[in-house]
Amino acid sequence: MPAPTSPAGAAARTPTNKECTLSRKRLRPLSADTAARLLATAVAGAVCACLASAPASAADTEPVVSRGVTIPAFYNPPTELPATDGALIRTEPMSLGLRIPGLDGRPLPGTATRLMYKSTDSSGRPVAVTGTYIEPSAAWKRSGPRPLVAMASGTMGQGDQCAPSFALEHPLTLTGDTMSVGYEALAVYRILASGAAVVLTDYVGLGATDRLHTYVNRLDQGHALLDAARAARAVPGASVTADSRTGLYGYSQGGAAAASAAELQPSYAPDVPLSGTYAGAPPADLTATMKGIDGSALAGALAWSISGFAQADPDLRAVVEEHVSDSGKAVLRDASTMCVGDALFGYGFAKSGKWTKDGRSIGDIIAAEPAARAALNRQRIGTLRPAGPVRVATGVHDDIVPHGQARQLAVDWCRKGADVTYEAVVLPNLGDKILTNHLVPLLTDQGDAIGWLTDRLAGKPAASNCWTMPLQP
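Now for a description of the structure that goes with this document. Keep in mind that this is a model prediction, so the values were computed, not measured.

On to the packing of helix α8 (residues 314-323) against helix α12 (residues 370-377), then. Contact geometry for α8 and α12: axes closest at 8 Å, N-to-C directions at 130 degrees. It follows from the interaxial angle that α8 and α12 lie oblique. For the crossing formed where α8 meets α12, the hand is left-handed. Judged by residue contacts, Asp315, Leu316 and Val319 of α8 engage Ala371, Ala372, Ala375 and Leu376 from α12.

Shown next as structure tokens:
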């Protein structure tokens with residue numbers, strides 16, 4: 001690999017201490033039939049909301065190996081970070097796993113750069129985040145300079161080998177130890193084809209090896225997405241500038257990240273010229289979403305959320321220590337290095353009551369603990385007015401990231417006077433708790449979502465349909 005570049009002027013900081021240590025366990029080797037079924041299920045299920053990743057000290061010099069995959073040294077954060085949010089820490093050229101030669105000699109869909117940049121976590125501490133910037137081969141033919149889309153991935157898992165940037169380089173990681181599918185490439189490449197540049201965040205702790213991935217933590221992921229947009233402007237060779245219109249795009253976990261970033265932009269990143277936000281199937285209410293995930297094909301995501309919030313919030317950490325059994329804690333350690341495919345195979349349809357000392361579900365335990373309930377309520381998206389126009393889409397039968405709470409986000413924003421386009425994706429019920437009701441709306445709505453966002457990047461005004469909410473499912 002080429003040597004990474006490091007911007008000058010880094011400010012010293014104290015490295016973040018590990019707040020919990022999770023062992024790295026391997027899955028049993030897969031048979032060919034099992035691997036084939038797992039691949040099919042992962043493609044169908046890899047779009048949901050998710051959570052945590054096993055930590056390693058930023059000062060460690062030994063390579064981090066997660067379920068048999070050696071994480072490149074690029075992903076090890078330094079012990080010193082810049083003072084400014086969005087400042088680049090290092091970059092290096094990156095190969096895309098799926099690309100074709102262009103007629104003009106430039107590869108399609110564009111030229112990728114791996115990046116690490118500085119952000120601020122939910123505790124106010126500096127944190128290094130990784131991601132990818134892609135300069136498109138296609139020209140931007142609409143009004144204004146080339147725009148930028150800051151993209152937040154749907155659930156990939158919590159192991160560092162599941163990072164979205166890693167998945168762009170390795171579209172399919174399939175071994176006897178882990179499985180990851182780079183399913184977001186379809187949306188990334190469709191956006192690049194419009195001539196807009198794309199920056200994709202890996203979130204806090206996913207890829208970067210110094211801490212757990214905090215999954216659907218609204219501040220962590222909202223900050224990481226906005227700071228990715230800032231970092232993109234400084235990437236060597238990037239055509240986007242501080243004047244480039246910026247859009248936010250995400251579905252499921254990514255939908256929550258985009259929604260959170262739209263709310264946080266006025267106070268956290270007013271320098272990001274936000275023109276529009278697409279938030280598909282956003283888990284805006286984690287209490288409702290936990291109930292949807294528990295016992296579903298992606299029940300492993302519940303383990304990721306528990307681990308991530310236990311790291312970030314003392315109130316939820318106390319609940320885990322008091323109520324999760326030893327066998328349940330072993331599940332959390334095991335799941336902590338899994339990607340979506342591993343979780344589907346290892347913990348599909350598991351019920352969290354099996355992980356607790358008294359057999360109650362995690363959701364029921366949190367509901368009975370005022371401090372823990374308050375901690376989750378602080379994660380609620382919809383309490384602030386988002387900047388710029390937003391498009392909220394949700395499948396009416398989505399039972400993984402429940403439809404009702406996503407619709408409520410649109411209602412909450414409309415009541416605050418936001419410019420909201422709400423899209424209820426009406427499809428038949430395609431199967432309870434097996435992820436199809438969550439996946440199919442992503443695919444059927446993706447073209448309209450990208451078209452809507454591209455219009456905002458071209459400067460076209462949006463027409464809010466808040467007035468239709470009483471009539472909308």
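So much for the structure itself; the text now carries on.
A few words on the state of the cysteines. Scanning the entire structure with this criterion turns up two disulfides. Each disulfide pairs two cysteine sulfurs, and for Cys162 the partner residue is Cys339, the sulfurs being separated by 2.1 Å. Given an S-S torsion of about -95 degrees, the disulfide between Cys162 and Cys339 has left-handed geometry. One end of the pair, Cys162, is in the loop between β10 (148-152) and α2 (164-169); the other, Cys339, is in the loop between α9 (326-335) and α10 (340-347), and 177 residues separate them in sequence. Between Cys414 and Cys466 runs a disulfide, and the two sulfur atoms are separated by 2.0 Å. Torsion about the S-S bond of the Cys414 and Cys466 cystine: about -85 degrees, corresponding to left-handed handedness. Linking Cys414 in helix α13 (residues 403-415) with Cys466 in the segment after α14 (436-457), this pair joins segments that are 52 residues apart in sequence.

Attention now moves to α10. Given 3.6 residues per helical turn, the α-helix brings residues three or four places apart onto the same face. Counting buried positions along α10 gives six out of eight residues, so the element sits mostly inside the fold. Residues of α10 that are buried include every one of Val340, Gly341, Asp342, Ala343, Leu344 and Tyr347, and no others. Looking at the residues trailing α10, positive phi occurs at Phe349, about 70 degrees.

Reading the values: the criteria
Residues numbered from 1 in each chain as written. Predicted model: local features only at pLDDT ≥ 70, side-chain atom pairs only at ≥ 80, totals over all residues. Heavy atoms only, no water. Axes fitted to C-alpha atoms, helices over the stretch in contact; angles between N-to-C directions. Helix = DSSP H or I, 4+ residues; strand = E, 2+ residues; numbered from the N terminus. Parallel < 35°, antiparallel > 145°, perpendicular 65-115°, else oblique. Left-handed = near helix turned anticlockwise from the far one by under 90°. Contact = heavy atoms within 4.5 Å. Disulfide = S-S within 2.5 Å. Buried < 20%, exposed > 50% of the residue type's maximum accessible area, 1.4 Å probe, protein only.

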